[in-house]
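Examination of the molecular architecture
If you want the building blocks of each chain, they are given just below.
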Amino acid sequence: MDRAPRISFTSLGCPKALVDSERIITRLRAEGYELARKHDGADIVIVNTCGFLDSAKQESLSAIGEAMAENGKVIVTGCMGAEPEAIEQAYPGVLSITGPQQYESVLDAVHRALPPAHNPHLDLVPPQGIKLTPRHYAYLKISEGCNNRCTFCIIPKLRGDLVSRPANDVLREAERLVGAGVKELLVISQDTSAYGVDLKYAESPWKDRQVRAKFLDLARELGELGAWVRLQYVYPYPHVDEVIALMNEGKVLPYLDIPFQHASPEVLKAMKRPAAQDKTLARIKRWREECPDLALRSTFIVGFPGETDADFAYLLDWLDEAEIDRLGCFKYEPVAGATANAIENPVPEEVKQERYNALMARQQKISARRLKRKVGTRQQIIIDEVGPTVAKGRSKADAPEIDGAVYLSSRRPLRVGEIVTAKIERAYQYDLHGSVAGF
């Protein structure tokens, strides 16, 4: 070829899969491959799939089909690749199928189909690697896999048991990201607060000290890098209480993303959820007493097999008391290979929809009530988008893509990635409006 080989990339699924995509792209760019914006302008297409829910599998198959139609040379990786039969049956012409985290296998498949044309004088990769997020924030994945065996989930089957990165490895990556201009680090894994269990919290050298591979220790060190640190996918183990002090010190954002999934003791038992959740309301109350600015995000499943009207009523009452700031809700879907499929008394689809509608209506009122308390306050806002008259950003209580937004007017043009102080003037169900009061 008289030019560099071109790769087109489609990345589906959660932020953890996005990090996998970034790692693959970084390796390919280091070898001299270029990225194409469209499938029909590429020499090969890579599709990183999601395979958690049937709806996600259908989206993945559609993406593969689109790539096959527009290009014809397709390499498939990701969670759905761990069970390749459905892909092979639908698209027998794909070049290769690999599971999640199998970076070397993806690279080998690319090399076989499209050998690299590396030029060390032209091929430059920034120290922080290639990112698929905007320049001002990045996902920092601290471990792979999961040790939990929730009955509705097959992630351990797809991604294996927990494998934590040494603390100094995580901190080196975080330091490179901040040095490259990242203002917000979103700490992720399948079970973030279980970080280091598999390493027995082993120490590793970092600068002039030893740092344990432990949730609290890592969060403290990340808080010294000068960026916003947002903790996501945090199971409510008892030691999570310790990180609240770091929020009051300004080391990490006053934000916890905890996937409670339900509140009814009977449903949680059927789900086999980890961590003692029977005293969760008392802990939430204690956290907010210690850190009044704390924002809680969570996800819940309605229509889990065996969920009764009483279980659902319990969940609604629990939400009223817990006042979760940000909430995502899913209607239960059977997942091939999940043990929950064998639980008796499945909930009819129309009942799932009714419960979903009722829960989201209840949450809308809770969200509006909590956001109204912020009117008249001053909040730090990170800018995600700029427009002619109004900019869109997020407060410390808002993660990108999944939470609300803050819309701001300003006397001068704002820049993406800039952090400003804003006066909040109006509140709606999920979003805030205000004006810039300081830079």
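See the structure printed just above.
Residues numbered from 1 in each chain as written. Predicted model: local features only at pLDDT ≥ 70, side-chain atom pairs only at ≥ 80, totals over all residues. Heavy atoms only, no water.

Examining the overall build of the protein
The test is simple: Each helix is a run of H or I in the DSSP string that is no shorter than four residues. Each strand is a run of E no shorter than two, and both are numbered from the N terminus. Residue exposure ignores everything except the shown protein chains as possible cover, and the areas themselves are Shrake-Rupley values with a 1.4 Å probe. A residue counts as positive if it is Lys or Arg and as negative if it is Asp or Glu; His and the chain ends are not included. To locate a charge, the coordinates of NZ of Lys, CZ of Arg, CG of Asp or CD of Glu are taken.
When helices and strands are tallied, the protein shows 12 helices and 20 strands. Across its three principal directions, the C-alpha atoms of the protein cover 65 × 60 × 50 Å. About 19700 Å² of surface is accessible on the protein, with carbon and sulfur atoms providing 51% of the total. Computed over 58 positive and 60 negative side-chain charges, the inter-centroid distance for the protein is 5 Å.

Considering the nonpolar core
Operational definition: What we call a nonpolar core is a set of buried Ala, Val, Leu, Ile, Met, Phe, Trp, Tyr and Cys residues that are connected through their side-chain atoms within 4.5 Å. Relative accessible area decides the class of each residue, using a 1.4 Å probe on protein chains only: under 20% of the type maximum gives buried, over 50% gives exposed, and in between gives partly exposed. Residues count as neighbours in contact if any of their non-hydrogen atoms are within 4.5 Å of one another.
Formed by 54 residues in total, the largest nonpolar core has its most connected members in Leu222, Val243, Leu256 and Leu359. Considering every element that reaches this core, the biggest residue donor is helix α11 (residues 309-322), with 6 residues. Every residue in contact with Leu256, bar those within four places of it in the chain, is listed here: Leu231, Val234, Val240, Val243, Ile244, Met247, Trp287, Leu294, Ala295, Leu296 and Arg297.

Structural notes on the sheet that holds strand β16 (residues 378-385)
Backbone hydrogen bonds hold the strands of a sheet together, and the pairing may be parallel or antiparallel. Selection rule: A pair of strands is considered paired only if DSSP assigns at least 2 bridges between the two. To get an axis, fit a line to the C-alpha atoms, keeping to the stretch in contact for a helix; angles then go from 0 to 180 degrees between the N-to-C directions.
Strands sit in the order β16-β17-β18-β20-β19 around a closed barrel of 5 strands; the barrel is mixed. Adjacent strand axes in the sheet meet at a mean angle of 55 degrees, parallel and antiparallel pairs treated alike. Note that β16 and strand β17 (residues 390-395) share 4 bridges and pair antiparallel. Looking across to β17, one finds that Ile381 is bridged to Ser395.

Quick word on the pattern of salt bridges
Under the convention used in this document: Here, a salt bridge means any Lys or Arg side-chain nitrogen found within 4 Å of an Asp or Glu carboxyl oxygen.
Applying the stated rule across the entire model yields 34 salt bridges. Residue Arg283 pairs with Asp241 through a salt bridge whose shortest N-O separation is 2.7 Å. In this pair, Arg283 is assigned in helix α10 (residues 280-290) and Asp241 in the loop between β12 (228-231) and α8 (244-248), connecting sequence segments 42 residues apart. On the basis of relative accessible area, Asp241 is assigned to the partly exposed category, the value being 23%. A salt bridge links Arg326 to Asp398; the nearest nitrogen and oxygen atoms lie 2.6 Å apart. Note that Arg326 is positioned in strand β15 (residues 326-331) and Asp398 in the loop between β17 and β18 (406-409), a separation of 72 residues in sequence. According to the relative accessible area criterion, Arg326 is buried, its value standing at 7%.

Regarding unusual backbone geometry
Of note in this structure, Lys200 is not a glycine but carries a positive phi near 55 degrees. Mapped onto the secondary structure, Lys200 falls in the loop between β9 (184-188) and β10 (203-206). Not every positive phi belongs to a glycine, and Glu323 is a case in point at roughly 50 degrees. Tracing the backbone shows Glu323 in the loop between α11 and β15.

Looking at the environment of Pro413
If you trace the backbone, Pro413 turns up in the loop between β18 and β19 (419-427). For the pair Pro413 and Tyr314, spaced 99 residues apart in sequence, the C-alpha separation works out to 48 Å.

As for the side chain of Arg326
As a reminder, the rule being used: Here a polar contact is taken to be a pair of N or O atoms separated by no more than 3.5 Å, where protein atoms must pair a possible hydrogen donor with a possible acceptor and residues adjacent in sequence count only if both atoms sit in side chains.
One polar contact links the side chain of Arg326 to the main-chain carbonyl oxygen of Tyr430, over a distance of 2.8 Å. Setting aside residues no more than four positions away along its own chain, Arg326 makes contact with Leu296, Arg297, Ser298, Gln363, Ser367, Leu371, Ala397, Asp398, Asp403, Gly404 and Tyr430.

Regarding the packing of aromatic side chains
Applied cut-off: In this scheme Phe, Tyr and Trp rings, the latter by its six-membered ring, pair at centre separations within 6.5 Å, and the angle between planes marks the pair as stacked below 30 degrees, edge-to-face above 60, and tilted otherwise. Look at NZ for Lys and CZ for Arg. If either is within 6 Å of the ring centre and within 35 degrees of the ring normal, a charge sits over the ring.
According to the stated counting rule, one finds 7 aromatic pairs in the structure shown. Plain terms: the ring middles of Tyr235 and Tyr237 are 6.1 Å apart, the flat faces sit at 15 degrees to each other, and that makes the pair stacked. The exposure classification of Tyr235 matches that of Tyr237, with both residues buried. An angle of 75 degrees between the planes, with centres 5.3 Å apart, marks the rings of Phe304 and Tyr332 as edge-to-face. Placement of the pair is Phe304 in the loop between β14 (295-302) and α11 and Tyr332 in the loop between β15 and α12 (349-372), with a sequence separation of 28 residues. Each member of the pair, Phe304 as well as Tyr332, carries the same accessibility label: buried. Site record: aromatic cluster; members linked through ring pairs are Phe152, Phe304 and Tyr332. Positioned above the aromatic ring of Tyr255, the side-chain terminus of Arg230 is 4.5 Å from the ring centre.

Considering the pairing of β19
Bridge count between β16 and β19: 5 bridges; the pairing is antiparallel. Pairing of Gln380 across the sheet is with Thr421, part of β19. As judged from the 6 bridges shared by β19 and strand β20 (residues 432-438), these two strands associate in the antiparallel manner. Paired with Ala427 across the bridge in β20 is Leu432.

Here's the deal with the pairing of β17
Every other side chain in a regular strand lies on the same face of the sheet, so the side chains alternate between the two faces. Taken together, β16 and the strand that follows it, β17, pair antiparallel across an intervening segment of 4 residues. Of the strand pairs in this sheet, β17 and β18 are connected by 4 bridges, and their pairing is antiparallel. Residue pairing for β18: Gly393 is matched across the bridge by Val406.

A few points about the sheet that holds strand β5 (residues 96-97)
Pairing in this open sheet of 5 strands is parallel, and the strands run β2-β1-β3-β4-β5 from one edge to the other. A strand with exactly one partner marks an edge of an open sheet, and here the two such strands are β2 (34-35) and β5. As paired strands, strand β1 (residues 6-11) and β2 are joined by 2 bridges and run parallel to one another. Within β2, the residue paired with Arg6 across the bridge is Glu34. In this fold helix α1 (residues 15-30) packs onto β1, β2, β3 (44-49) and β4 (74-78), with an angle of close to 175 degrees to the strand it touches most, β1.

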